[in-house]
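Structural overview
Chain by chain, the residues run as shown.
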Amino acid sequence: MPVAEELLPWLKRIDATRWYSNFGPLVRELEGALIGMFAARSDKALHLTTVSNCTAGLELALLALNLKPGSRVLVPALTFVATATAVMRAGHLPVIADIDPHTWLLTPAIARAALARDGLDAVLPVATFSCPHEIDGWNAFIAETGLPVIIDAAAAFGNQWDCGRTTLVFSLHATKSLAAGEGGMVVSRDFDLVARIRKLSNFGINLDPHEVTPVGQVERAGINAKMSEYHAAIGLANLAKWPALAATRVELHARYAARLGEVAGLNPRWQRVPAGTVRTLMCFRVRSGGLREAIEVACAAAGIETRRWYLPPLNRHFAFATLPVSGSVPEADRLFDELVGLPFHSGLSAANLDAIIRAVSRAVGPTTV
């Protein structure tokens with residue numbers, strides 16, 4: 001996150017305009033800078049709107065599709081719970097699917113099998129642990145099936161530039177590679193879809209004098225999901241140093257992974273991602289649940305926090321236990337046993353990394369199963 005001195009010029013601009021929310025000048029400036037970054041990597045016209053957070057963006061994107069109530073939306077078993085809660089809050093039914101064993105993603109092949117088996121109305125894959133989706137496959141899926149695809153790209157800014165015929169929803173949470181403290185954005189080729197999302201983020205109030213609906217009228221109820229000027233200020237301050245932020249994360253992850261690869265007997269198995277992926281987490285698989293537990297215990301003894309990000313799988317959460325599962329989820333279940341999450345952030349020092357490697361090394365021994 002930017003320090004106070006970096007934010008001061010942006011805060012002074014807020015003071016000067018006295019515009020604090022409701023699509024203010026800093027929000028519009030941030031949107032313009034972001035869409036410019038996406039447009040530079042696309043041969044198609046793209047459209048973007050900010051939102052208060054990624055979860056609200058997912059909910060609004062689903063609402064803007066105008067699906068019938070109770071529609072069946074395919075989601076991966078390995079994801080943050082907000083993927084499922086957004087579907088439910090939009091009035092639809094999450095259908096849980098397994099993941100690819102190499103990329104840990106819900107793929108078009110998995111979605112095709114689920115569609116044939118269970119019937120679906122939409123698909124909501126996730127750019128799990130920052131890993132971008134290969135868009136040509138989703139473009140073909142959409143062309144074949146006619147189903148809309150919204151990608152929960154919460155942690156994938158800097159990696160998922162191409163949206164194709166899908167809709168991308170990003171997070172600007174404090175833990176993400178481009179942070180605004182809180183916030184999110186939706187990117188799509190579909191101008192009308194993005195316009196509906198923007199309107200729904202402002203309670204559904206029409207502000208466009210060119211629409212048939214009179215200005216100030218609500219044709220369809222929305223929510224309050226606008227980004228504030230203060231969050232836009234943080235986003236702009238960080239966007240100004242984006243190349244350095246991205247390079248720091250790429251370099252740290254590579255160095256960290258190399259050190260873990262040198263731990264005798266660990267043999268970490270990594271998610272298959274494109275080279276140069278900007279990472280937000282340090283997650284890898286080990287050979288067994290016993291070794292994963294040993295690493296967690298050794299790290300705890302050294303005062304090092306570990307996490308089991310996106311676990312348990314969705315179908316094991318109490319709130320989602322009755323949701324339909326498409327077939328079974330063996331790959332997600334294996335990750336539930338084997339996935340390790342270690343501290344990862346841009347302020348991680350060499351001494352921090354040394355301490356983590358020592359703790360992991362102590363956990364790996366001949367008696368660990």
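Refer to the structure above for everything that follows.
About the cut-offs
- Residues numbered from 1 in each chain as written.
- Predicted model: local features only at pLDDT ≥ 70, side-chain atom pairs only at ≥ 80, totals over all residues.
- Heavy atoms only, no water.
- Helix = DSSP H or I, 4+ residues; strand = E, 2+ residues; numbered from the N terminus.
- Buried < 20%, exposed > 50% of the residue type's maximum accessible area, 1.4 Å probe, protein only.
- Contact = heavy atoms within 4.5 Å.
- Areas by Shrake-Rupley, 256 points an atom, 1.4 Å probe, with all protein chains shown as cover.
- Pairing = 2+ DSSP bridges.
- Axes fitted to C-alpha atoms, helices over the stretch in contact; angles between N-to-C directions.
- Right-handed = clockwise from strand over helix to strand, strands pointing away.
- Parallel < 35°, antiparallel > 145°, perpendicular 65-115°, else oblique.
- Nonpolar A, V, L, I, M, F, W, Y, C, P; charged D, E, K, R; others polar.
- 1 Å grid on protein atoms, 1.4 Å probe; cavity = no way out; pocket = protein on both sides within 12 Å on 5 of 7 lines; lining within 4 Å.
- Points joined across faces, edges and corners; volume = space filled by probe spheres on them.

Now for the overall build of the chain. On a plain count of helices and strands, the chain comes out with twelve helices and nine strands. C-alpha atoms of the chain, sized along the principal axes, occupy 75 × 55 × 40 Å. Here the chain, with 369 residues, has 53% of them falling under the buried criterion. Put simply, 69% of the contacts in the chain that link residues at least 6 apart link residues at least 24 apart. For the chain, the accessible surface area stands at approximately 15,600 Å², while carbon and sulfur atoms represent 56% of it.

A word on helix α3 (residues 54-64). Among the eleven residues in α3, ten count as buried, and that is most of the element. Taken together, the buried positions of α3 are occupied by C54, A56, G57, L58, E59, L60, A61, L62, L63 and A64. Following α3 by one or two positions, N66 has its phi on the positive side, about 60°.

This part takes up the sheet that holds strand β1 (residues 47-51). Sheet architecture is open: four strands sit in the order β1-β7-β6-β5, paired in mixed fashion. In the strand order of this sheet, the two ends are held by β1 and β5 (150-152), each with one partner. Here the strands of the sheet are splayed against their neighbours by 20° on average, with no regard to which way each runs. Here five bridges tie β1 to strand β7 (residues 184-188), and the two strands are oriented antiparallel to one another. Within β7, the position partnered with H47 by the bridge is S188. Contacts from α3 reach β1, β5, β6 (167-171) and β7 within the one sheet, and its direction differs from that of β6 by about 160°. The sheet strands contacting helix α7 (residues 191-200) are β1, β6 and β7, and the helix crosses β1 at an angle near 15°.

It is worth spelling out the pairing of strand β2 (residues 72-76) at this point. Working note: regular strand, side chains alternate between the two faces of the sheet. With four of five residues buried, β2 is to be regarded as a mostly interior element. Across five bridges, β2 lies against strand β3 (residues 93-97) in parallel orientation. Counted as the bridge partner of L74 is V95 from β3. Since β2 and β3 lie parallel, the crossover through helix α4 (residues 82-89) that links them has a hand, and here it is right-handed. Two strands pair when backbone bridges link them, and β2 and strand β4 (residues 122-123) are joined in this way by two bridges, in the parallel orientation.

One way to put it is that helix α5 (residues 108-118) packs onto helix α6 (residues 135-145) with a least axis distance of 9 Å and a crossing angle of 25°. It follows that α5 is roughly parallel to α6 by the angle criterion. Contact residues: P108, A111, R112 and L115 in α5; G137, W138, A140, F141, E144 and T145 in α6. Broken down by class, the residue content of the contact of α5 with α6 amounts to six nonpolar, two polar and two charged.

Two numbers describe how helix α1 (residues 4-17) lies on helix α2 (residues 25-39): the axes approach to 10 Å, and their chain directions differ by 135°. In terms of axis orientation, α1 runs oblique to α2. On α2, the residues touching W10, R13, I14 and T17 of α1 are P25, L26 and E29.

In this structure, the largest pocket spans a volume of roughly 1,000 Å³. H173, T175, K176, L281 and W309 are the residues nearest the centre of the largest pocket, which is lined by 45 residues in total. Those elements that place two or more of their residues in the lining of the largest pocket are α3, α4 and α9 (242-261). A class-by-class count of the residues in the lining of the largest pocket yields 22 nonpolar, 15 polar and eight charged. The space that makes up the second largest pocket amounts to roughly 610 Å³. Mapped by element, the contributors of at least two residues to the lining of the second largest pocket are β1 and α7. No other element matches α7, which puts eight residues into the lining of the second largest pocket. Here the lining of the second largest pocket is composed, by residue class, of eight nonpolar, five polar and eight charged.

Moving on, we come to the sheet that holds β3. Ordered by their spatial adjacency, three strands build an open sheet running β3-β2-β4, and the pairing between neighbours is parallel. Edge strands, defined here as strands with exactly one partner in the open sheet, are β3 and β4. Of the strands in this sheet, β2 and β3 touch α4, which is tilted by about 150° from β3.

What follows concerns the pairing of strand β9 (residues 339-342). The two faces of β9 match: L339 and G341 on one face and V340 and L342 on the other face are all buried. When strand β8 (residues 282-285) meets β9, the two strands line up antiparallel, connected through four bridges. Pairing of C283 across the sheet is with G341, part of β9.

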